[in-house]
Amino acid sequence: MIKVKYFASLKTMAGKEEDRFDLGRETTVLKLSEAIGKTSPAIGEMVREKKVMVSVNQDVVLPDAVIHDGDEVALLPPFSGGAI
Amino acid sequence: MSTATESRVRIQKEDFSVTDEIEHMKKVSANIGGIVVFLGTGRESSKGETITKLHFEHYPQMAEKKLEELRQKAIKDFGIIDMSIVHRVGEIDIGENIVLIVACGEHRQEAFKACEWAISELKRTTPIWKRETTSKGDVWVSPTP
């Protein structure tokens, strides 16, 4: 299973903090976005349109990155920490 | 209020003491001759809206990892002696402390440069998000330059 974590605005959109997907031993960010899109179409589209960054096991990856069974994927909206 | 600890980068709900954090860093080296501090605080207005409360969320572990990478790069690239970074998460009232960066150098020039670079880089690379509560509701904030 692949664990997908949602943060900030995406958590609000998804209505949950995380999801789990069974996509076999190996998949890609694109295929994962299609799986997410079945329940949250807007989020799947944001991933495909690169409006959010994707991390795998806490490292930011490119859209063609391979994801393995057991990985932790996070969908990261643009950051806004700090102040000013 | 939490006190400064050995850890140079921290993400915490509790408030921090600016004085304690600086005093803690002063003990790192007798060669420190200049300390530059950036303190970010909760502002009451944004884009014409009055903010009543702020909420910060982070990606645990990844956010701390990014802050430590940032600290290491600041030390290496700017030649400072050390840097500490503390960022608060959770509910924060207007006027309260949000983020503190303490850059310590032998001289002021490298400390100024490192501190300014660090807050810009933090906003760009660290998975922390801000939500503002206004009279019109709650809004997740888009990045600012």
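Scoring rules and cut-offs
- Residues numbered from 1 in each chain as written.
- Chains lettered and ligands numbered in written order.
- Predicted model: local features only at pLDDT ≥ 70, side-chain atom pairs only at ≥ 80, totals over all residues.
- Heavy atoms only, no water.
- Contact = heavy atoms within 4.5 Å.
- Buried area = accessible area lost by both parts, 1.4 Å probe.
- Salt bridge = Lys/Arg side-chain N within 4 Å of Asp/Glu carboxyl O.
- Helix = DSSP H or I, 4+ residues; strand = E, 2+ residues; numbered from the N terminus.
- Nonpolar A, V, L, I, M, F, W, Y, C, P; charged D, E, K, R; others polar.
- Core = buried A, V, L, I, M, F, W, Y, C linked by side-chain atoms within 4.5 Å.
- Buried < 20%, exposed > 50% of the residue type's maximum accessible area, 1.4 Å probe, protein only.
- Pairing = 2+ DSSP bridges.
- Axes fitted to C-alpha atoms, helices over the stretch in contact; angles between N-to-C directions.
- 1 Å grid on protein atoms, 1.4 Å probe; cavity = no way out; pocket = protein on both sides within 12 Å on 5 of 7 lines; lining within 4 Å.
- Points joined across faces, edges and corners; volume = space filled by probe spheres on them.

Peer 1: Sorry, what's going on with the interface of chain B and chain A here?
Peer 2: How large an interface is tends to be reported as the accessible area lost when its parts come together. The interface of chain B with chain A comprises 30 residues on the first partner and 22 residues on the second. Interface area lost by chain B to chain A is led by B:Y59, B:K123 and B:W129, which between them contribute 32%. Joining chain B to chain A, the criterion identifies two salt bridges. Between A:D59 and B:K65 there is a salt bridge; the shortest N-O distance is 3.1 Å. Put simply, the parts of the chain that give the side of chain B that touches chain A at least two residues each are β2 (34-41), β4 (49-58), α2 (62-78), β7 (97-105), α3 (108-125) and β8 (128-134) of chain B. At five residues, α3(B) tops the list of elements feeding residues into the side of chain B that touches chain A. Residues that form the side of chain B that touches chain A fall into these classes: 15 nonpolar, nine polar and six charged.

Peer 1: Quick question: what am I supposed to make of the nonpolar core here?
Peer 2: In summary, soluble globular proteins display a tendency toward joint burial of nonpolar side chains. Residue and element names in this part refer to chain B. F56, M83, I85, I101 and A103 are the most contacted members of the largest nonpolar core, which totals 27 residues. Listing elements by their share of this core, those giving two or more residues are β1 (9-12), β2, β4, α2, β5 (82-88), β7 and α3. Top element by residues in this core is α3. It accounts for six residues. For A103, the contacting residues outside a window of four places in its chain are G34, I35, V36, I80, D82, M83, A111, A114 and C115.

Peer 1: Sorry if this is basic, but what is going on with the sheet that holds strand β7 (residues 72-76) of chain A here?
Peer 2: In a beta sheet, neighbouring strands pair by backbone hydrogen bonds and run either parallel or antiparallel. Residues and elements named next belong to chain A. Taken in spatial order, the five strands of this open sheet run β2-β1-β7-β4-β5, and their pairing is mixed. Pairing within the sheet leaves two strands with one partner each, and these edge strands are β2 (18-21) and β5 (59-61). The average undirected angle you get between the axes of adjacent strands in this sheet is 30°. Where strand β4 (residues 53-56) meets β7, four bridges bridge the pair, whose relative direction is antiparallel. Within the sheet, the bridge partner assigned to V56 lies in β7 and is V73.

Peer 1: Help me understand the layout of surface pockets in this model?
Peer 2: Empty pockets left among the atoms are what a rolling probe the size of a water molecule brings to light. Estimated volume of the largest pocket: approximately 210 Å³. Lining the largest pocket we find 13 residues, and of these A:V47, A:K50, A:V52, A:L62 and A:P63 sit closest to its centre. For the lining of the largest pocket, the secondary-structure elements that each account for two or more residues are α2 (29-39), α3 (41-48) and β4 of chain A. Ranked by residue count, the leading element in the lining of the largest pocket is α2(A), at three residues. Here the lining of the largest pocket is composed, by residue class, of nine nonpolar, one polar and three charged. Of the volumes computed, that of the second largest pocket is approximately 170 Å³. What lines the second largest pocket is a set of 14 residues, among which A:S9, A:P77, A:P78, B:W140 and B:V141 lie closest to the centre. Grouping the amino acids of the lining of the second largest pocket by side-chain chemistry returns ten nonpolar, three polar and one charged.

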